[in-house]
Amino acid sequence: ELALIDKPRVSRLVLTNTEIPFHRPPWIPIYQALAHVPVFGAILRQSLKSRAFRRSPLVFGGCFHDLTLVEGEFFRRFVEPLLTSDARIDGALRFLRRMKFSRLDEFTTLHRELTIPTLFVWGAEDPTFPAARARGMTRQFPNVVGFHVVSHAKLFVYEEQPEEVATLIDGFLSGARQ
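Residues numbered from 1 in each chain as written. Predicted model: local features only at pLDDT ≥ 70, side-chain atom pairs only at ≥ 80, totals over all residues. Heavy atoms only, no water.

**A closer look at the pairing of strand E2 (residues 118-123)**
So, step 1. For E2, a buried count of six out of six residues is recorded, marking the element as mostly surrounded by other parts of the structure.
So, step 2. Both faces of E2 are covered, namely the face carrying Thr 118, Phe 120 and Trp 122 and the face carrying Leu 119, Val 121 and Gly 123.
So, step 3. Direction of pairing for strand E1 (residues 13-16) relative to E2: parallel, over a ladder of four bridges. Across the sheet, Leu 15 pairs through a bridge with Phe 120, a residue of E2.
So, step 4. Note that E2 and strand E3 (residues 144-150) share six bridges and pair parallel. Opposite Phe 120, over in E3, you have Phe 147 as the bridge partner.
So, step 5. Once the chain exits E2 it traverses helix H9 (residues 131-137) before rejoining the sheet at E3, and the crossover so formed is right-handed. (Buried < 20%, exposed > 50% of the residue type's maximum accessible area, 1.4 Å probe, protein only. Helix = DSSP H or I, 4+ residues; strand = E, 2+ residues; numbered from the N terminus. Pairing = 2+ DSSP bridges. Right-handed = clockwise from strand over helix to strand, strands pointing away.)

Pasting the structure below:
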């Protein structure tokens, strides 16, 4: 979306485990429906206190190959604010209520407008946006320079394998062949 809005300032694009037009991760529509239930914020907040719930496939288990990464810094930066801030939990629920798959699906054609060199870096085990579906999405871009699958990583590939992801992006941005 931002690359389309500000095309003149974007010279290269890196995509990591992002949304895929016409792909619906099954748990997102469920959370979207639940976001309309008045008590869901309180239930979600209480549930997020449970380590087992946080690590389940319905929450962050699909984000990390190494489930220990759900705790620690990730917990402090992303989960704790949902537990301690009414504004944060309300914002997350508002996002779920307003997110429209129809806009995402428009990117099937909008991707063609992004003629800049584009690199895909994908977590091999991502159940949310599977690598096989992402490979299919590459046909929507006119200038794909590489598609790299990173082992032992899911949705948050850059959190799990930061050195490998940084090396790939650095090579791409510096003009090294992919």
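Resuming the write-up.
**Description of helix H5 (residues 73-84)**
So, step 1. With twelve residues, H5 extends 16 Å between its outermost C-alpha atoms, agreeing within 8% with the 16 Å of an ideal straight helix rising 1.5 Å per residue.
So, step 2. Among the residues making up H5, those that are buried are Phe 74, Phe 75, Val 79, Pro 81, Leu 82 and Leu 83. (Expected span 1.5 Å × (residues − 1).)

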